[in-house]
Amino acid sequence: MKRRPYKNRRKVIRRNRKPFYRKGAFWFSFLSLIIISGLSYVSLFSPYFQIKETAVLGTQTISKEELLNAFKDNSVISLNVLGNNLTSESLFLPLQNNISSMMENFPEIEDINIKKNFFTQKITIEVKEKTPICIWCADGSCVLLDKKATYIKDYESEVGFIKINEIEDYESNLKLWSGQTKDDFIMTLLTVYKNNEEIKEFNVEADKFLGIYKNINFIFDPKEDINWQIEKMNIALKRLNYDVEGLRYIDLRFGEQVIVK
């Protein structure tokens, strides 16, 4: 009796698939969504987390009212939920846009620190204003600059600062020639002023700068040692007994020499 060849038959296993709404993962995701939505709603619209008071500290020249208005413009959100318009000034809202907007609209500000108090529902804006150190004039207009050579505001009638007249464009001339950044250059001029407070005004040319002393100019080379040039200036003034009447300039740029004319 012949045996029939054995044939491998694949056994098919049929599984009963549960509807997606009966799976644990679905309900976990659904409940998580409900919880997150609820927490988001509470954090944004609960009266317990709305800003009740905003205070500004540290302003000297900036209007507190204008600063507060700029802050509020970016601290309110409006949402339409099921046809209802909802607004929120929640303490949980991120404040980076507020800070960026205020820094842009108020160039007088050097730094801003915003503190939240969830118990008193209060926001405190701590402002640090830039400190002007010079008046920089170019193309018929003058501005106040800080130690980083950044703009603070247009010059009005402020006193007590050195005045720098840009006779020739600094960026394309003296900066390239001397290798000094604008803030470094301002520090150089302040060094001259601190050694002789009668030199309160400077003219900046393409390859040199002039310190105006009484009715004459001291001519400096910004790429050479400024302290050595200041020392030569002081020696020259002592030898002249500080009498510069009838002179046009004293040139300090050439090594050991001092050219008086």
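Residues numbered from 1 in each chain as written. Predicted model: local features only at pLDDT ≥ 70, side-chain atom pairs only at ≥ 80, totals over all residues. Heavy atoms only, no water.

### Some remarks on the sheet that holds strand β1 (residues 53-57)
Here's step 1: Here three strands make up an open sheet; going across it, the order is β1-β5-β4 and the pairing mixed. Looking at strand neighbours, the two that pair on one side only are β1 and β4 (109-117), the edges of this open sheet. Here the strands of the sheet are splayed against their neighbours by 15 degrees on average, with no regard to which way each runs.
Here's step 2: Relative to strand β5 (residues 122-129), β4 runs antiparallel, the two being bridged by eight bridges. (Pairing = 2+ DSSP bridges. Helix = DSSP H or I, 4+ residues; strand = E, 2+ residues; numbered from the N terminus. Axes fitted to C-alpha atoms, helices over the stretch in contact; angles between N-to-C directions.)

### Thoughts on the nonpolar core
Here's step 1: Core analysis: the largest hydrophobic core is formed by 33 residues, its most contacted members being Trp136, Ile186, Phe218 and Phe220.
Here's step 2: Ignoring sequence-local partners within four residues, the contact set of Phe218 consists of Ile199, Phe209, Leu210, Gly211, Tyr213, Met233, Leu237, Ile250 and Leu252.
Here's step 3: With 15 residues, the next largest nonpolar core counts Leu95, Ile109, Ile112 and Ile125 among its residues. (Core = buried A, V, L, I, M, F, W, Y, C linked by side-chain atoms within 4.5 Å. Buried < 20%, exposed > 50% of the residue type's maximum accessible area, 1.4 Å probe, protein only. Contact = heavy atoms within 4.5 Å.)

### Overview of the side chain of Lys208
Here's step 1: Secondary-structure assignment places Lys208 in the loop between β10 (201-204) and β11 (209-213).
Here's step 2: Assessed through its relative accessible area of 17%, Lys208 is described here as buried.
Here's step 3: Excluding anything up to four places from it in sequence, Lys208 contacts Leu174, Asn203, Ile219, Phe220, Pro222 and Arg253.

### Notes on the pattern of salt bridges
Here's step 1: As enumerated under the stated definition, the model contains nine salt bridges in all.
Here's step 2: For Glu205, the salt bridge identified is with Lys208, shortest N-O distance 2.9 Å.
Here's step 3: Given a relative accessible area of 19%, Glu205 falls into the buried group.
Here's step 4: Close ionic contact of Arg253 with Asp251 constitutes a salt bridge, the shortest N to O distance being 2.7 Å.
Here's step 5: Given the relative accessible area of 22%, Arg253 is considered partly exposed.
Here's step 6: In the salt-bridge network here, residues are joined through shared partners; they are Glu205, Asp207 and Lys208. (Salt bridge = Lys/Arg side-chain N within 4 Å of Asp/Glu carboxyl O.)

### What about the sheet that holds β10?
In sheet architecture, strand pairing relies on hydrogen bonds along the backbone and comes in two forms, parallel and antiparallel.
Here's step 1: Sheet architecture is open: nine strands sit in the order β8-β7-β6-β9-β10-β11-β12-β13-β14, paired in mixed fashion. Taken across any chain shown, the strands that pair with only one partner, and hence form the sheet edges, are β8 (151-154) and β14 (259-260).

### Re helix α2 (residues 64-73)
Here's step 1: Of the residues making up α2, those classed as buried are Leu67, Ala70 and Phe71. One face of α2 carries all of its buried residues, which in axial projection span an arc of 100 degrees. Along α2, exposed side chains directed more than 90 degrees from the buried face belong to Glu65 and Asp73.
Here's step 2: Where the residues of α2 are buried, they touch β1, α3 (96-105), β4 and β5. (Arc of directions from axis to C-beta.)

### Observations concerning the pairing of β11
Side chains on a regular strand alternate between the two faces of the sheet.
Here's step 1: The element β11 is extensively covered by neighbouring structure, given that four of its five residues are classed as buried.
Here's step 2: Strand direction decides the pairing type here: β10 and β11, joined by four bridges, are antiparallel. From the neighbouring strand, Glu201 faces β11, where its bridge partner is Ile212.
Here's step 3: Pairing of β11 with strand β12 (residues 216-220), which is carried by five bridges, proceeds in the antiparallel orientation. Paired with Gly211 across the strands is Phe218, a residue of β12.
Here's step 4: A loop of two residues connects β11 with β12, the two strands running antiparallel in sequence, and Lys214 in this loop sits at a positive phi of about 55 degrees.

### Describing the state of the cysteines
Here's step 1: A complete count under the given rule lists one disulfide for this structure.
Here's step 2: Across a sulfur-sulfur distance of 2.0 Å, Cys137 and Cys142 are joined as a disulfide pair. Since a negative S-S torsion denotes a left-handed disulfide, the Cys137-Cys142 link at about 110 degrees is right-handed.
Here's step 3: For Cys134, which is in no disulfide, the shortest distance to another cysteine sulfur is to Cys137 and amounts to 9.2 Å.
Here's step 4: We classify Cys134 as buried; its relative accessible area is 0%. (Disulfide = S-S within 2.5 Å.)

### Focus on the environment of Lys223
Here's step 1: In this structure, Lys223 sits in the loop between β12 and α6 (226-239).
Here's step 2: A residue is classified by how much of its surface remains accessible, and Lys223, at 42% relative accessible area, is partly exposed.
Here's step 3: The spatial distance from the C-alpha of Lys223 to the C-alpha of Lys175 is 9.8 Å, given a sequence separation of 48 residues.
Here's step 4: Contacts of Lys223, omitting those with residues within four sequence positions, involve Trp177 and Ser178.

These values are about where atoms sit, not about what they do.
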